[in-house]
Amino acid sequence: MHSYSSAVHDLYSFKKQFDIGFRNYLEECVAEVHGHFPEYDRVTEHFLRLAGGGKRLRPYIFNLAYHSAGGESPIMFERVMFGIELFQLFAIIHDDITDGGAKRHGVETLHKRFNVSQAILFGDLCFAWAIRALSQVSSTALCASDVSKEIKIFSQMATETIIGQIMDTSMAKKSGIGEDLITRMVLLKSAKYTFVYPILLGLSCAGYAGPKDGYTKLGLLLGESFQRINDLADIMSEEKLHGTKLGADVTADVPTNLLSTFEKIASSTQKEIYSIYRGQPLDDHDIAHVRELFIASGAVAREKDAITTLLVEAERLLFGLAIAQQQASLWQILISLLRSKVDAL
């Protein structure tokens, strides 16, 4: 049996360990309803290819928080990590439908390969499998009578993420949305389920009874940084992000902190030029033009400064948490990784 050692010093090494068990668990889930009808088998075959991609950041954050809180046997909570990653699959399958994404992790999205109805229902199936995974964690492992605390945290994570997605879709194709509202949406739809709730689940499974405010704040800072980096990369990256098309946010005309800053400081001429591209499919030439607009306006520099400020605050907060040096260094590596992504854009 593989394990999730506290000595794992990078996300890549964790992913290699995690993927073995996760693939086996997905095949177990699929096998339970295998053979009912041919179309299901074709969808699941493609789904398994889609599910093989991804960084496994959220279960990694769980593992990191679990060890930071003194947990010693993360293998007992492997299915909590599976549940977290299955929720991620649920979220991205539905998100790709909403955004009209054609590819994810370098493979065709489910709704493009099959149809929207199949994709919606398969996303729902991932959510059901996530609940299944959490319910299979033994009470002995949790040192409690049931998994009610973890289910409650998971339920809150799901609720807030979906509310954030509703906010996102309701703001699409609208101008003049305040940055505070955009940041609230970012925290709900992405930042909290990527960092805060995996941290809280890790602390809970480790039996941590201390104050959680510092950990929560750390998660918020890292989560907001993570999403704002992704939004910046949608325009500034030189290559496709997560196997998706660059410029997707511009084409979908969804609100981001970067766009909000651009609308505040860009000249009337820059805004008029941007309106030509807004909400339209973009080729590489178009993306280059939009990139030049955002750089020239000063929006890119301001957004990089804002992300750097968040990461500096996260680093300062980290030093104030009572975390063993080995675990603190892993958090520091993660912060440095995020900072390097900003520098590369």
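Structural notes, computed from the coordinates. (Residues numbered from 1 in each chain as written. Predicted model: local features only at pLDDT ≥ 70, side-chain atom pairs only at ≥ 80, totals over all residues. Heavy atoms only, no water.)

A separate point is the environment of Arg113. Mapping Arg113 onto the fold places it in helix 5 (residues 110–113). Classification of Arg113 by relative accessible area gives partly exposed; the value is 41%. Put simply, Arg113 and Lys103 are 10 residues apart on the chain and 9.6 Å apart in space, counted from C-alpha to C-alpha. Within the structure, Arg113 has its side chain in polar contact with the side chain of His46 (distance 3.0 Å). (Helix = DSSP H or I, 4+ residues; strand = E, 2+ residues; numbered from the N terminus. Buried < 20%, exposed > 50% of the residue type's maximum accessible area, 1.4 Å probe, protein only. Polar contact = N/O pair within 3.5 Å; in protein donor to acceptor, adjacent residues only side chain to side chain.)

Inspection of the secondary structure assignment puts Asp95 in helix 4 (residues 78–99). Looking at Asp95, the relative accessible area reads 16%, which means it is buried. For Asp95, the side chain forms a polar contact with the side chain of Gln165, separated by 3.3 Å. Ignoring any residue separated from it by four or fewer positions in sequence, one finds Asp95 in contact with Arg104 and Gln165. (Contact = heavy atoms within 4.5 Å.)

This paragraph deals with the nonpolar core. Residues Phe47, Phe62, Leu222, Phe294 and Trp331 are the most contacted members of the largest nonpolar core, which totals 99 residues. Among the elements that take part in this core, helix 4 stands out by supplying 11 residues, more than any other. Apart from residues no more than four positions distant in its own chain, Trp331 is found in contact with Ile61, Leu64, Ala65, Ser68, Ile199, Leu218, Leu222, Leu318 and Ile323. Counting seven residues, the second-largest nonpolar core is a separate cluster that includes Met167, Met185, Val186 and Leu188. (Core = buried A, V, L, I, M, F, W, Y, C linked by side-chain atoms within 4.5 Å.)

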